[in-house]
Amino acid sequence: MRISLFISTFDKPGYLVRTFAGIRRQTRPPDEILIADDGSAEPTRDLIRRFRALVPYPVIHVRQEHKGWRKCRMLNKCVAESTGEYLVFTDGDCIHRKDWLATHARFAKAGRFLAGGDL
């Protein structure tokens, strides 16, 4: 099963770098990452370019001009560009435990929706 991981972000590269560190530690890596960027400035774009060079899977940066909060619009654009059969969404200020994606893959079933929290 191909997993597409979606990360939403807006101008918080200090948080996003931690999210990326957590993703790199996953025991089951994603097959692709799509970054839903609601108009971040150059430091975030530079961080994404550096991260892309460190991982063996595609990192697709989908960006729109910032005109207020339009996170859902960006996520919809990313979904349209994704190739995965299983979609996992997170924010660019989350750090996940190393078995996070493996756990998703283990419990994935057609017609099932999984949600998680911080506990």
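Because the structure is a prediction, the values reported are computed rather than measured. Throughout this document, residue positions are counted from 1 along each chain, in the order its sequence is written. Restriction of local features to residues with pLDDT of at least 70 applies here, the model being predicted, together with a cutoff of 80 or more for giving and counting side-chain atom pairs; totals for whole chains, interfaces and linings are based on all residues. Here the side-chain values reflect all heavy atoms present in the structure, with hydrogen atoms and water set aside.

One way to put it is that helix 1 (residues 13-24) packs onto helix 2 (residues 42-52) with a least axis distance of 10 Å and a crossing angle of 15 degrees. One finds that helix 1 runs roughly parallel with respect to helix 2. Both helix 1 and helix 2 take part in a crossing whose hand is right-handed. Residue-level inspection shows Pro13, Leu16, Val17, Phe20, Ile23 and Arg24 of helix 1 in contact with helix 2, the latter providing Pro43, Thr44, Leu47, Ile48 and Phe51. Residues were grouped as follows: Ala, Val, Leu, Ile, Met, Phe, Trp, Tyr, Cys and Pro as nonpolar; Asp, Glu, Lys and Arg as charged; and all remaining residues, including Gly, as polar. Broken down by class, the residue content of the contact of helix 1 with helix 2 amounts to nine nonpolar, one polar and one charged. Only the contacting stretch of a helix is used when fitting its axis, a line to C-alpha atoms as for every element, and angles between N-to-C directions run 0 to 180 degrees. Secondary structure follows DSSP: runs of H or I at least 4 residues long count as helices, runs of E at least 2 residues long count as strands, and numbering of each begins at the N terminus. Should an angle fall under 35 degrees it is called roughly parallel, over 145 degrees roughly antiparallel, and 65 to 115 degrees roughly perpendicular, with every other angle called oblique. Take the far helix as your reference; a near helix turned counterclockwise from it by less than a right angle gives a left-handed crossing, and one turned clockwise gives a right-handed crossing. Any two residues whose heavy atoms approach within 4.5 Å are treated as being in contact.

Strands qualify as paired when DSSP identifies two bridges or more between them. Ordered in space as 3-2-1-4, the four strands form an open sheet in which the pairing is parallel. Two strands in the sheet have a free side with no partner beyond their single neighbour: strand 3 (59-63) and strand 4 (86-91). Pairwise comparison of adjacent strand axes, ignoring direction, gives a mean angle of 20 degrees for this sheet. Across six bridges, the pairing between strand 1 (residues 3-9) and strand 2 (residues 32-37) is parallel. Looking at the pairing, Ser8 lines up with Ala36 of strand 2. Across the sheet, helix 1 is in contact with strand 1, strand 2 and strand 4; its angle to strand 1 comes to roughly 165 degrees.

On to helix 3 (residues 71-81). Every buried residue of helix 3 is accounted for by Met74, Leu75 and Cys78. In a view along the axis of helix 3, the buried residues occupy a sector of 100 degrees, so they form one face of it. Facing away from the buried side of helix 3 by more than 90 degrees, the exposed set consists of Asn76 and Ala80. Where helix 3 is buried, its residues meet strand 1, strand 2, strand 3 and strand 4. For each residue, the accessible area found with a 1.4 Å probe, counting protein chains only, is set against the maximum for its type, and the residue is called buried under 20%, exposed over 50%, and partly exposed in between. Think of it as the arc spanned by the lines of direction from the helix axis to the C-beta atoms.

A separate point is the environment of Leu75. Position of Leu75 relative to the elements: it lies in helix 3. Separated by 38 residues in the primary sequence, Leu75 and Asp37 have C-alpha atoms spaced 8.7 Å apart. Other than its neighbours up to four places away in sequence, Leu75 contacts Phe6, Ser8, Ala36 and Phe89.

On strand 4, burial follows the alternation: Tyr86, Val88 and Thr90 on one face are buried, whereas Leu87, Phe89 and Asp91 on the facing-out side are not. Bridge count for strand 1 against strand 4 is six bridges, and the pairing is parallel. Across the sheet, residue Leu5 finds its bridge partner in strand 4, namely Val88.

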